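The residues making up each chain are set out below.
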Amino acid sequence: MPNPFKHRASEYQGNEFEFLATLTPSLFRMTLDEYKDPEDLLTRVVVFSAPPGTGKTTLSRFFQFATLSRLLDKQRRSPDKQHEELLQLASERGFISHERVSVCGARVSLERDYRDLALLGYRQETADTLLLSLLGARAVLSWRRGFQDAGLSLNSIRVVPTSEGSARLDSIGGSNFQSIVERAEFVESRLFQLTTRFVPPNEEELLESIRSSFLPLVAISRFELPDNHGQVLPLLMMDDAHSISREQHDALLNHLSSREVVIGRWVLQRMEALDAEGVIAWGDETRPNPTSGLQRSRSVLDIRMTQSYDEARGAVRKRFRKAVAELVSRNIAQMPNLTRLGITIPNLEERSEPTDKQLEKLNKRMESAISQLELPPAQVKQIVDGVREYLREKPQYSSNGLLPPMATILLHRQFKRTPQRSLFDESSQPELAEEVQVAADPGILAGAQVHAWHRAGLSYLGALIR
């Protein structure tokens, strides 16, 4: 059986149907439902910031043109409740209209090659031009893959320019999408060769070799598709934006925030991509955008996935647990070995107390530790009372199931920290009878969870955490 942790990562799922089978709308709703108007996410620069593993790549992959086209096709052929829920979400967000995909999403990862362009020693202006040209080329090639996967002919796709982008459209290949793709292939090839050269060429030679900057984002407004597909809005989703340098990040946001860019643009990044001002003042809509000089709320929509600055942390965590439980359940359903054995994930929203037999096992181990270690009764009482008080402040944990293993761990630690007493004069250091050098903390709590799991069979998640 493949490693389920590696199997879960979106990057390792090459089959679109396999990818869709593991998705749940709640993963996206916890981030997107706050924005009722779909235009909020398709008319401004949207910056998604989140820790690793919270669904950034999954989000961008789901909203790709090819993924939504496959989802629509599968639902037409064999209706399924799970796929119907995903289609409803896409429709609510404006990606599907009248049973056709209306937003052409393309995902580009900034993890590879882009940072190398900043290390070639060129002027900052030249380095920014190279970054935006490579990004534009790969955006066009990503849109091409989406159209090809949907079975569309590239020669039949026409590009609608922006109100001021007719001349720019001619510079990137004209209104025929196939011509723009050929130009994008040329630019990407030249810039990729540049990142692999031992000695880069001088700036004039480089700019001449690529003919001119390639900036499709300021030239393209819509794609006009054949066969009654109508016009679709391009959406560029830039994943792994934390991989580029700070200067490149600023240049990217400046370019995306330009009024000439009318397509959808999402930037997905880890929290380390935020500057100090962004971390401290997040949520303050009046703060200026340090990269453009404009009010950030007018040009950039900042979204912290799995977080909300105006909502209680407990509510966010509860929704995240629900999404995780659904994701894991759907992933387990795709693993025949686990499904055959009837293995399921415990309900993370409910807490089940330990049975009498399990509690008896844990209490016996605590009593055995008290008997073997022979600590002073005053110390034992102080340790047990301290654990009970610690758990009283954490109602989400089972005090009955965790008190014995936590006390057992602390008793052993106290024993190791107590100096050896004299064999002939026990009263020589009477203060040792009252001195306790250990206390409950999150580390002890985590150790007790593992201890209760191995020693008494309590579920690490379902039985101990509500």
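Description of the structure in this document. Not measured: the values here are computed from a predicted model.

### Some details on the pairing of strand β1 (residues 45-49)
Then, in step 1: For β1, a buried count of 5 out of 5 residues is recorded, marking the element as mostly surrounded by other parts of the structure.
Then, in step 2: Side chains of β1 alternate between two faces, with V45, V47 and S49 and V46 and F48 buried alike.
Then, in step 3: Inspection of the sheet shows β1 paired to strand β8 (residues 264-269) by 5 bridges, in the parallel sense. Residue pairing across strands places V47 opposite V267, the latter belonging to β8.
Then, in step 4: When β1 meets strand β9 (residues 300-304), the two strands line up parallel, connected through 5 bridges. Within β9, the position partnered with V47 by the bridge is D302.

### Points about the nonpolar core
Then, in step 1: Core analysis: the biggest nonpolar cluster contains 92 residues, and F62, W143, F147, F177, F223 and W266 have the highest contact counts within it.
Then, in step 2: Element by element, the count of residues in this core is highest for helix α9 (residues 124-149), at 11 residues.
Then, in step 3: Not counting the four nearest positions on each side in its chain, F147 is found in contact with F65, C104, L152, L154, I157, F177, F223 and L225.
Then, in step 4: The next biggest cluster of nonpolar side chains, apart from the first, holds 22 residues, and it includes V384, V387, L391 and M406.

### Quick look at the packing of helix α18 (residues 356-373) against helix α20 (residues 399-417)
Then, in step 1: Orientation of α18 relative to α20, taken along the N-to-C sense of each, is 20°, at an axis distance of 9 Å. As the angle between them shows, α18 and α20 are arranged roughly parallel. Of the two elements, α18 crosses α20, and the hand of that crossing is left-handed. On α20, the residues touching L359, L362, N363, R365, M366, A369, I370 and L373 of α18 are N400, G401, P404, P405, A407, T408, L411, H412 and F415.
Then, in step 2: Residue composition of the contact of α18 with α20, by class: 11 nonpolar, 5 polar and 1 charged.

Rules used throughout
Residues numbered from 1 in each chain as written. Predicted model: local features only at pLDDT ≥ 70, side-chain atom pairs only at ≥ 80, totals over all residues. Heavy atoms only, no water. Buried < 20%, exposed > 50% of the residue type's maximum accessible area, 1.4 Å probe, protein only. Helix = DSSP H or I, 4+ residues; strand = E, 2+ residues; numbered from the N terminus. Pairing = 2+ DSSP bridges. Core = buried A, V, L, I, M, F, W, Y, C linked by side-chain atoms within 4.5 Å. Contact = heavy atoms within 4.5 Å. Axes fitted to C-alpha atoms, helices over the stretch in contact; angles between N-to-C directions. Parallel < 35°, antiparallel > 145°, perpendicular 65-115°, else oblique. Left-handed = near helix turned anticlockwise from the far one by under 90°. Nonpolar A, V, L, I, M, F, W, Y, C, P; charged D, E, K, R; others polar.

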